[in-house]
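Structural characterization, general
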Amino acid sequence: MENKILIGIIAFILGIIVIAFPLLSVGFLVVASGLSVCILAIYWIIRGIQHWNENKATCVLYVLVGLFAFFFGLVLTGNFPLFLFTSSFLLYIIGFLMIIFGIAGIINNEKNMSKISSLLFFIFGIVLLIFANLIFENPLYLALIIGIALMIEGISLILESKDKKIGSEEK
């Protein structure tokens, strides 16, 4: 449980840092995401080569996807406009999905708490659509979203840890 508190504190502090230094944070994400895609691509290529004796079609698929991902990762590394475009695009998709699942939850759930949760999901979906549009125009909004998300996650982990601690003391 102490581990969750520590991770929560780190997440909260990182959220503050991301909000305090938005351009540096987004710049770091641009490089880190590109390098991460390249590392994942290398893994896929290695996995594909390992499948050569078992299934040649799987091998070719892994290697082709790995090569595509590697070149995409190279292009993405340090490419600020492409990173903003892909981030914005992903937020559009996530926002639309949140709206759809929010509506489905409002219609299908019987409990009031579940309906409220679904309504919040729907509202956050709309907010994400708005931010998806703003991110492409100004990367500071991406840093704001990431920073707030880290801070909320940090608070959530700390509170979750404290709830478990209180629950175990009552027993």
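For the structure itself, consult the block above.
Residues numbered from 1 in each chain as written. Predicted model: local features only at pLDDT ≥ 70, side-chain atom pairs only at ≥ 80, totals over all residues. Heavy atoms only, no water.

1. Re the overall build of the protein chain
- Within the protein chain one finds 6 helices and 0 strands.
- Along the protein chain, helices (α) and strands (β) appear in the sequence α-α-α-α-α-α when read from the amino end.
- The C-alpha radius of gyration computed for the protein chain amounts to 20 Å, which surpasses the reference 16 Å derived for 171 residues by more than 25%, pointing to a less compact arrangement than a globule.
- The principal-axis extents of the C-alpha atoms in the protein chain amount to approximately 55 × 45 × 40 Å.
- Within the protein chain, the fraction of its 171 residues that count as buried is 28%.
- The contacts in the protein chain between residues at least 6 apart in sequence include a share of 69% that link residues at least 24 apart.
- As presented, the protein chain carries roughly 11,400 Å² of accessible surface, and 76% of it is formed by carbon and sulfur atoms.
- Of note, the protein chain has its 9 positive side-chain charges centred 6 Å away from the centre of its 9 negative side-chain charges. (Helix = DSSP H or I, 4+ residues; strand = E, 2+ residues; numbered from the N terminus. Rg over C-alpha atoms; globule rule 2.2 N^0.38 Å. Buried < 20%, exposed > 50% of the residue type's maximum accessible area, 1.4 Å probe, protein only. Contact = heavy atoms within 4.5 Å. Areas by Shrake-Rupley, 256 points an atom, 1.4 Å probe, with all protein chains shown as cover. Lys, Arg positive; Asp, Glu negative; His and termini not counted. Charge placed at Lys NZ, Arg CZ, Asp CG, Glu CD.)

2. Some words on helix α3 (residues 56-76)
- An ideal rise of 1.5 Å per residue puts 30 Å on 21 residues; α3 measures up with 30 Å between its terminal C-alpha atoms.
- Taken as a whole, α3 has its buried residues at Cys59, Gly66, Ala69, Gly73 and Leu76. Along α3, the residues classed as buried sweep out an arc of 125° about the axis, all on the same side. Residues of α3 that are exposed and point more than 90 degrees away from the buried face comprise Ala57, Leu61, Leu64, Phe68 and Phe71.
- The inward-facing, buried residues of α3 abut α2 (22-50) and α4 (80-108).
- The backbone nitrogen of alanine 57 has a side-chain oxygen 3.0 Å away, supplied by the residue at the start of α3, namely asparagine 55.
- Positive phi appears at glycine 78, one or two residues downstream of α3, with a value of about 80°. (Expected span 1.5 Å × (residues − 1). Arc of directions from axis to C-beta. Polar contact = N/O pair within 3.5 Å; in protein donor to acceptor, adjacent residues only side chain to side chain.)

3. Focus on the packing of aromatic side chains
- Using the criterion set out here, one finds 3 aromatic pairs in the structure.
- A ring pair is formed by phenylalanine 70 and phenylalanine 71, whose centres lie 6.1 Å apart and whose planes are at 75°; its orientation type is edge-to-face.
- On the numbers, 5.9 Å between centres and 65° between planes, the contact of phenylalanine 131 with tyrosine 141 is edge-to-face. Residue phenylalanine 131 is found in helix α5 (residues 112-137), and its partner tyrosine 141 is found in helix α6 (residues 140-170); the two are separated by 10 residues along the sequence.
- Residue classification places tyrosine 141 among the partly exposed positions, given a relative accessible area of 30%.
- Against the face of tryptophan 52 rests lysine 56, its NZ or CZ located 4.6 Å from the ring centre. (Phe/Tyr/Trp six-rings, centres within 6.5 Å; stacked < 30°, edge-to-face > 60°. Lys NZ or Arg CZ within 6 Å of the ring centre and 35° of its normal.)

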